[in-house]
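Descriptive structure summary
Now for the letters of each chain:
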Amino acid sequence: MSTIKSKFNINDISEYFEFDDNCSSYKLINSIDYNDKNFNLTYYIDENQKLILDSIDDLCQKEFPFIQNPSSKILEQIFLRNKIAKELIINSVVQRKAEFLKFEKNDEDHKVAINIAKSVVHDLNKFIYKHKINHSLANIMLANLESSLNFYGKIDLLLKSNDNWFLCIFKFSKSPYEDKYKYEAMLQKKLIENNSEIKNIKIFVFNPLSDIVIKQINL
């Protein structure tokens, strides 16, 4: 566990699970020790080692279903674009070796996703400078098992300055989904607060396709 995770008792469960594209779900890849505080997770793993909790995406889709039904082909293209863009952004954070992020594209096959990711990394660097960020945590996985609403989610990015924590959520849509983004932010905030000693998080949505590229969400 990283020093910052240990210091703030961040209960990251990503080491236990890996996403399986064949069944579009997370599967257990490492055994959970009975003495581990994540032991309760074993009650949410089926005989095929599949995690059977709702994800934040599942809850958002139930709360805010598509009004129109775009073709599956269009959805697949959008999901692939967003997946690649997010992976490029998170990779830039994970590979960070200096004060600022360095954008590194992996290929030229997805130019739209590359341009989106490059724009977000540029905005993140301005954000890092403005808020004097000194720690970053990307792509952590948390589960909420302490209430009637049990779910899990991936946290795109947590940034820390001397005085504040910042939750960064990446979106790539021209349409304003304010209520949906606020609902998702509330769920992510709940995950973080229930799985760490982090409180009073400031939340920002980074959306290079929106009129307001970096927007704070107040809950």
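In the block above lies the structure referred to throughout.
Keep in mind that what you see is a predicted model, and the values were worked out from it rather than measured.

A short note on helix α3 (residues 72-94)
If you check α3, its first and last C-alpha atoms are 32 Å apart, about what 23 residues at 1.5 Å a residue would give, namely 33 Å. Those residues of α3 that sit buried are Leu-75, Asn-82, Ile-84, Ala-85, Leu-88, Ile-89, Ile-90, Ser-92 and Val-93. Where α3 is buried, its residues contact α4 (111-131), β4 (135-144), β5 (151-160) and β6 (165-170).

Overview of the environment of Ser-161
Take Ser-161: it is sitting in the loop between β5 and β6. Residues Ser-161 and Lys-132, spaced 29 residues apart in sequence, show a C-alpha to C-alpha distance of 5.7 Å.

Re the packing of α3 against α4
Where α3 contacts α4, the two axes come as close as 8 Å, and the packing angle between them is 40°. You can see that α3 and α4 cross each other, and the crossing is right-handed. Contact with α3, carried on its side by Arg-81, Ile-84, Ala-85, Leu-88, Ile-89 and Ser-92, involves Val-112, Ala-113, Ile-114, Ile-116, Ala-117, Val-120, Val-121 and Leu-124 of α4 and no other residues of that element. In the contact of α3 with α4, the residues fall into twelve nonpolar, one polar and one charged.

Overview of the layout of surface pockets
In this structure, the second largest pocket occupies an estimated 310 Å³ of space. Breaking the lining of the second largest pocket down by element, the ones donating at least two residues are α5 (178-194) and β8 (214-217). At four residues, α5 tops the list of elements feeding residues into the lining of the second largest pocket. Looking at the lining of the second largest pocket, its residues break down into seven nonpolar, six polar and six charged.

Cut-offs applied
- Residues numbered from 1 in each chain as written.
- Predicted model: local features only at pLDDT ≥ 70, side-chain atom pairs only at ≥ 80, totals over all residues.
- Heavy atoms only, no water.
- Helix = DSSP H or I, 4+ residues; strand = E, 2+ residues; numbered from the N terminus.
- Expected span 1.5 Å × (residues − 1).
- Buried < 20%, exposed > 50% of the residue type's maximum accessible area, 1.4 Å probe, protein only.
- Contact = heavy atoms within 4.5 Å.
- Axes fitted to C-alpha atoms, helices over the stretch in contact; angles between N-to-C directions.
- Left-handed = near helix turned anticlockwise from the far one by under 90°.
- Nonpolar A, V, L, I, M, F, W, Y, C, P; charged D, E, K, R; others polar.
- 1 Å grid on protein atoms, 1.4 Å probe; cavity = no way out; pocket = protein on both sides within 12 Å on 5 of 7 lines; lining within 4 Å.
- Points joined across faces, edges and corners; volume = space filled by probe spheres on them.

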